[in-house]
Amino acid sequence: MTDTLWSQDFFGKGELSPLMYSRITLNAYYQALKTAKNVICYPQGAAGKRFGTLYLNDITAVTDYSKIYFKAFPYLNECCYLVLFYGDNIAIYLEGYLIATVAATGILADEVRLIDHTILENLFRVTTGIYAPKDLTRSANAANLITGFTADTLTVTNALTVNGFWPARFTTAVSLPVTTPQIHANRTYFVRATGANAVRIYSSAEEAAANTGYYTIGSAGAGANNIFILNTWSFANVPFTNLPVHDFTGGYSTSSFTPAAVTGYSILITRTAGAFNFVAGYVGGLFSGNGGICRIIATNGTNQATVNIVVPFNSLAAIPGTDSLIAEPAWSAARGYPRKCSSFQNRAFFANTDLLSNSLWASVINEFNNFDGLEGLDDDAITWTPTSDTVNYIQFIVPYRSLTIHTNSGVYSTPLSVETAITPKNFSLSLQDSTPADNVQPRGIDNQIIVLSGNDAHSLLWDGFNNAYTSSIISIANEQLLRTPTDESEYVDKSRAGSRYMFIVNADGTLAIYQTLIAEDVSGFTPAVMEQYYGNAYFRWVTSNSDGRAWFIIERQLGVAVAGIALTASTASTLTAVGSNFSTTIPTACTFTGAPLPVTTPQIVTTQFYWAIGVTANTFNVYPTKEDADALENALVITDFGTAATVVAYPLTTKLFIEQLSFEAKVDCAGFYSGTPVTSISGQTRFNAQSIKLQGDGFGFEDDVIGGVVEFNAHGSAVTVSEAQYGFPINFEVTPLPLSIPAGGHPRTSNLVDTKHTRYATFLFADTIGGTITQGPNVIPIAMKNLINNPPGSPPVPVTGRFEISVFGGWDDFDYPNFTINHSEPFDIKLTGIFYKVDI
């Protein structure tokens, strides 16, 4: 028997596909995990608990995630809004606070998912293909006169929503208020209403949301001083100055046309032969011939058009139709509007209409509403149509190192060999790869573009040697984690070196986290899931901003109380409440009120949730725990139903929440508290009937929430805390792959399927509090040799150290894994290495 030492100190390849469990000739096998649920891989090699999420707001207007469109809107360098489109409406959030809504957008509920968008400086531009492109814009509210001050607030005339906060600017007739730091005119600040007519001033939206860092006020200034809150929003058609043109119908080759002048404005062009008619659809279009180029500004419906001559005609001679070009605007209600939009090199881009599905249009440089390309000058608009030997329509426009155009048949790119601005003369698109993107917008990160095609993730990587993009599938080793992707967003963690991730939302509500650091050959996928005690939860949308923040739309099934129903009868095992209609298969949370209560064993109380399983539409069994109800065991024995008791059901109701990624949050849907010591926090109704985790002043707690009150209890006694967070647990689970130890160092020899005897295993952790290791039937709490010796009664501190298990077992770890590491506490865990001593 050979005594062997074996180790794994890198987990960056994530959770390996079951189809890879025998691929011991690949390095990925030795750098991956069998299970890595709710794990985020660090570029240094550790496998840690993923981020938590911070609860920001309910979405009350809609519950169907498939009928919304959710994106971040970074507004210049001021702040980052979140915009949420739903049926005929837009909701606009700042730091999770709903600051505005826009009604009557015209984009109906079933059309919202057709939206594409781009951000053009201070515009949020939207296309659908059904309606003309629209811009979401922000402007100032009416002036709000400053009338006084205190040490930290300004007094204003017009009443505001208390605790609301908004961007704002100041104007003055003489001198602005004196503040520290000093405010200035024509600069954006943020104000928060501490009262109906009192506001504080802040430098950032984050400070305004947290009510910290507000300015001190020395005076209200002199003369008439106003605050202009910047929170008036409009959503209107893009005010185009010129549109691109296209000849859809022809029909003028047998006609001839005579201009009334060689040059000028409002000049008549008259059809002097033939039957072609200048109908209304040609307004905004093009007439050219005999050296002249004109923009059509009016038509008479028959033989005349009024034009502005852009390039003069050579003469006033009649122009044969065969030498003419007459074109309509490329976009209109009749011809279709663009489905896709983007921007690149200070040009706005549109693409894909009903009749021109493979066409691409770029605006005039620095003029996002002007698509005048009649002269073909270097700064003029551009029209291009990529083609191949099959039907080709543009799915996405992705600006990155170059402008990449993703069609149903492949990926095209502008030239890459020379770094130069695109113009009408040098613009071209060449095929880079035949990988088509499906229904998810490709994203760029870490010098690559991640393209989702079916259940495959491809990396389009810039190849400087060949001056082209090269494509490779990056999800083979982790193929089980991509299942009908519906959304993706890049994320760069600014607080951790080298941490670059792509978040991919699947149709089943899971999240695949792809870590990438090409320079260090680090990449891999791990799965993230939302879990609750009562009901299910799902990732539905994700968006991010370049400042290192990301947000999710989370769909949650939560218990929401309905009207109580009187109890009218009972048997030894059932209660009767007419019309209660409890599910006969799924436990429903409920409480009991009234006096006297039903007489039961154990006795029902008003301060606890119970779990009902329906027997008929009017009768039900009651169980003390959800686990008992699931198993249909230990139902309460009922002696009497009580003469004035009611049952209040909390059936599962679908809700959508906005939640922000947070590495400070060690739970999901987290609430934070900081202030005067308390033993409970009220108003947390989203946790009713849930079992949640809490962290208070460094200690960990659990609570089964009733009445929306989160309580801090230890051993049945209330505990006061001044710093706290609370929410749904994040269930971290890691299982190493079966040991595969090459014999004699040869890579193609392995004892993967041979029995091995693990004598002991040593686990190295960093920044870790709590957790367990399951080994066979044993669940062993993780206890390390602490680098800091905590006195009794002190909160636990994150520890970096080692934890050793003497196994003396595990002869068949291929079929029966030796170890599973679990962690659901409201703290952190990072696994940095596993070291084995094995008998072979």
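Everything numeric in this text was worked out from a predicted model, so none of it was measured. (Residues numbered from 1 in each chain as written. Predicted model: local features only at pLDDT ≥ 70, side-chain atom pairs only at ≥ 80, totals over all residues. Heavy atoms only, no water.)

## Re the sheet that holds strand β32 (residues 360–362)
The antiparallel open sheet is built from four strands, whose spatial order is β30-β31-β32-β33. The sheet terminates laterally at β30 (340–344) and β33 (382–384), the two strands that pair on one side only. Here the strands of the sheet are splayed against their neighbours by 20° on average, with no regard to which way each runs. Direction of pairing for β32 relative to β33: antiparallel, over a ladder of three bridges. In the strand pairing of β33, W361 is matched with T383. (Pairing = 2+ DSSP bridges. Helix = DSSP H or I, 4+ residues; strand = E, 2+ residues; numbered from the N terminus. Axes fitted to C-alpha atoms, helices over the stretch in contact; angles between N-to-C directions.)

## Some points on empty space enclosed by the protein
Across all of its chains, the model carries two cavities of 30 Å³ or more by this definition. Quantified by volume, the second largest cavity comes out at close to 50 Å³. Surrounding the second largest cavity, Y42, K49, R50, F51, G52, R496, F663, A665, K666 and D828 form its lining. Its residues assigned to classes, the lining of the second largest cavity comprises four nonpolar, one polar and five charged. (1 Å grid on protein atoms, 1.4 Å probe; cavity = no way out; pocket = protein on both sides within 12 Å on 5 of 7 lines; lining within 4 Å. Points joined across faces, edges and corners; volume = space filled by probe spheres on them. Nonpolar A, V, L, I, M, F, W, Y, C, P; charged D, E, K, R; others polar.)

## Some remarks on the layout of surface pockets
As a volume, the largest pocket reaches approximately 1300 Å³. Taken together, 46 residues line the largest pocket, and the ones lying closest to its centre are K71, H117, Q441, P442 and R443. For the lining of the largest pocket, the elements supplying multiple residues, two or more each, are β6 (69–75), β10 (116–120), β30, β34 (394–399), β38 (443–445), β42 (485–492) and β46 (537–545). Here the lining of the largest pocket gets seven residues from one element, more than from any other, and that element is β42. As a volume, the second largest pocket reaches approximately 830 Å³. Around the second largest pocket, the lining comprises 26 residues; the ones closest to its centre are L54, Y55, L56, E95 and A209. Taken together, the elements giving at least two residues each to the lining of the second largest pocket come down to β5 (52–59), α1 (205–210), β47 (549–559), β57 (652–662) and β58 (668–678). Take the lining of the second largest pocket: its biggest share by element is four residues, from β5. The class makeup of the residues in the lining of the second largest pocket is 14 nonpolar, seven polar and five charged.

## Topic: the pattern of salt bridges
Under the criterion given, the structure shown has 26 salt bridges. A salt bridge links D372 to R295, with the nearest nitrogen and oxygen atoms 3.1 Å apart. Here R295 lies in strand β26 (residues 292–299) and D372 lies in the loop between β32 and β33, a separation of 77 residues in the sequence. Neither residue differs from the other here; D372 and R295 are each classed as buried. The network of salt bridges with common partners includes E95, E206, D547 and R549. (Salt bridge = Lys/Arg side-chain N within 4 Å of Asp/Glu carboxyl O. Buried < 20%, exposed > 50% of the residue type's maximum accessible area, 1.4 Å probe, protein only.)

Remember that the coordinates give geometry; whether it matters functionally is a separate question.
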